[in-house]
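Close look at the chain arrangement
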Amino acid sequence: MTRTPPTVRKALLTLHLVTSLGWLGADLVLLALGVAVLRGADADVIYPVAALIGTTLFAPLAVAVWVVGVASALLTPWKLFRYRWVLVKLLITTVMVGLVLFLLTPNLRAAGDLGAALPARDRADLVIAPAVSTSLMIIATVLSTYKPWGRMRPAGPAARRGRPAVAGRTGA
């Protein structure tokens, strides 16, 4: 397997950070708009704006973050299934992208169409969803920063037989 040049790895990292920050920013804007409606702002004005942000920024950025993250994992030493924190981050992001594309974006479109006629329970959903996804994005950021849990155990025959210790490292 060929090694990815440092410039490519840095470019992927930069692109991942930019898209992730954009996704977080769009998420916080959606949260602020949802809270504004609950506090009395004109839903006929706010919800079409939220629908526009959700469909033109939020959903495409969610997909971009996932694609760039997977590419980064595959092309760097982290890999997708080598470290637990990478796998957990992939699972969180995959679930979030699915929810954004198949639940939140259609709900935002419906809110944009209905405006003030949107039922109260659906208005609360448009605050809860961005609050939860912001929390999950913060968790993913913490995982990327602290990289907890170490490597996953290899599943091949060499792992069952046991490997010799690497020089300079202890087994404990």
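Turning next to unusual backbone geometry. Of note in this structure, Lys79 is not a glycine but carries a positive phi near 60°. Within the secondary structure layout, Lys79 lies in the loop between α2 (43-75) and α3 (84-114).

To continue, consider the nonpolar core. Among the nonpolar cores identified, the biggest contains 34 residues, and Trp23, Leu30, Tyr47, Phe58 and Leu126 are the most heavily contacted of them. Of all elements in the fold, only α1 (6-38), α2, α3 and α4 (120-146) reach the threshold of two or more residues within this core. At twelve residues, the largest contribution of residues to this core is made by α2. Setting aside chain neighbours within four positions, we find Leu30 in contact with Ala50, Ile53, Gly54, Phe58, Leu104, Leu108, Leu126 and Pro130.

Next up on the list: the side chain of Ser133. Positionally, Ser133 belongs in helix α4. The class for Ser133 is buried, based on a relative accessible area of 9%. Reaching out from Ser133, the side chain makes a polar contact with the side chain of Asp27 at a distance of 2.6 Å. What Ser133 contacts, discounting residues up to four positions off in sequence, is Asp27, Phe58 and Met96.

A word on empty space enclosed by the protein. Taken as a whole and assessed by the stated rule, the structure comprises one cavity of 30 Å³ or more. Counted as a void, the largest cavity has a volume near 50 Å³. Together, Leu30, Gly34, Tyr47, Ala50, Leu104, Leu108, Leu126 and Pro130 line the largest cavity. Of all the secondary-structure elements, those providing two or more residues to the lining of the largest cavity are α1, α2, α3 and α4.

Our next topic: the confidence of the model for the protein chain. Overall, the predicted model of the protein chain reaches an average pLDDT of 89, with 88% of residues at or above 70. This model gives residues 164-172 a pLDDT under 50, and the stretch forms zero contacts once residues within four places in sequence are excluded.

Below, the discussion takes up the pattern of salt bridges. Applying the stated criterion across every chain yields a total of one salt bridge. With a shortest N-O distance of 2.7 Å, Asp122 and Arg121 are connected by a salt bridge.

Of the voids in this model, the largest pocket is the one considered here, and its volume is about 780 Å³. Those elements that provide at least two residues to the lining of the largest pocket are α1, α2, α3 and α4. Looking at the lining of the largest pocket element by element, the count peaks at nine residues for α1. Here the lining of the largest pocket is built from residues that sort into 19 nonpolar, eight polar and three charged.

Right, let's talk about the packing of α1 against α2 for a bit. Between two packed helices, the angle of one axis relative to the other and the distance separating the axes together describe the packing. Put simply, α1 and α2 touch, their axes get as near as 8 Å, and they point 155° apart. Our classification of the angle between α1 and α2 gives roughly antiparallel. Pair α1 / α2 crosses with left-handed handedness. Class assignment for the residues of the contact of α1 with α2 results in 23 nonpolar, seven polar and two charged.

This paragraph deals with the packing of aromatic side chains. A full pass over the atoms with the stated rule returns three aromatic pairs. Relative to Phe58, the ring of Trp23 lies with its centre 6.2 Å away and its plane at 55°, an arrangement referred to as tilted. Taken together, the residues span a long stretch of sequence, with Trp23 in helix α1 and Phe58 in helix α2 at a distance of 35 residues. Judged by its relative accessible area of 3%, Trp23 is buried. By relative accessible area, Phe58 is classed as buried at 1%. Aromatic pair Trp78 and Tyr83: ring centres 5.2 Å apart, planes at 70°, arrangement edge-to-face. Overall, the relative accessible area of 17% leaves Tyr83 in the buried class. An aromatic cluster of three or more residues is present, and its members are Trp78, Tyr83 and Trp85.

Reading the values: the criteria
- Throughout, residues of each chain are indexed from 1 in the direction in which the sequence is written.
- Thresholds applied to this predicted model are a pLDDT of at least 70 for local features of residues and 80 or more for the giving and counting of side-chain atom pairs; totals over whole chains, interfaces and linings are not thresholded and use all residues.
- Heavy atoms throughout the structure, all of them, feed into the side-chain values; hydrogens and water do not.
- Helical segments are the DSSP runs of H or I of at least four residues, strand segments are the runs of E of at least two, and each set is numbered from the N terminus.
- Note on terminology: a nonpolar core comprises buried Ala, Val, Leu, Ile, Met, Phe, Trp, Tyr and Cys residues joined through side-chain atoms within 4.5 Å.
- Relative accessibility under 20% of the residue-type maximum defines a buried residue, over 50% an exposed one, and the middle range a partly exposed one, all with a 1.4 Å probe and only protein chains included.
- Here a residue-residue contact requires only that any non-hydrogen atoms of the pair lie within 4.5 Å.
- In protein, a polar contact means a hydrogen-donor-capable atom and an acceptor-capable atom, both N or O and within 3.5 Å, with residues adjacent in sequence counting only if both atoms are side-chain atoms; elsewhere, any N or O pair within 3.5 Å suffices.
- Here a cavity is any set of points on a 1 Å grid over the protein atoms alone where a 1.4 Å probe fits but cannot get out, and a pocket is any open set with protein on both sides within 12 Å along at least 5 of 7 lines; a residue lines the site when it has an atom within 4 Å of a point.
- Grid points are joined across faces, edges and corners, and a volume is the space filled by probe spheres set on the points.
- Values of pLDDT, which run from 0 to 100, indicate the predictor's confidence residue by residue.
- By definition here, a salt bridge exists when the distance from a side-chain nitrogen of Lys or Arg to a carboxyl oxygen of Asp or Glu is within 4 Å.
- Under the scheme applied here, ten amino acids are nonpolar (Ala, Val, Leu, Ile, Met, Phe, Trp, Tyr, Cys and Pro), four are charged (Asp, Glu, Lys and Arg), and all others, including Gly, are polar.
- Note on definitions: angles span 0 to 180 degrees between N-to-C directions of axes, and those axes are lines fitted to C-alpha atoms, for helices only across the stretch in contact.
- Should an angle lie under 35 degrees it is considered roughly parallel, over 145 roughly antiparallel, and from 65 to 115 roughly perpendicular; all remaining angles are considered oblique.
- A crossing counts as left-handed when the near helix is turned anticlockwise from the far one by less than a right angle, and as right-handed when that turn is clockwise.
- Note on aromatic contacts: the rings of Phe and Tyr and the six-membered ring of Trp form a pair at centre separations within 6.5 Å, being stacked when their planes are under 30 degrees apart, edge-to-face when over 60 apart, and tilted otherwise.

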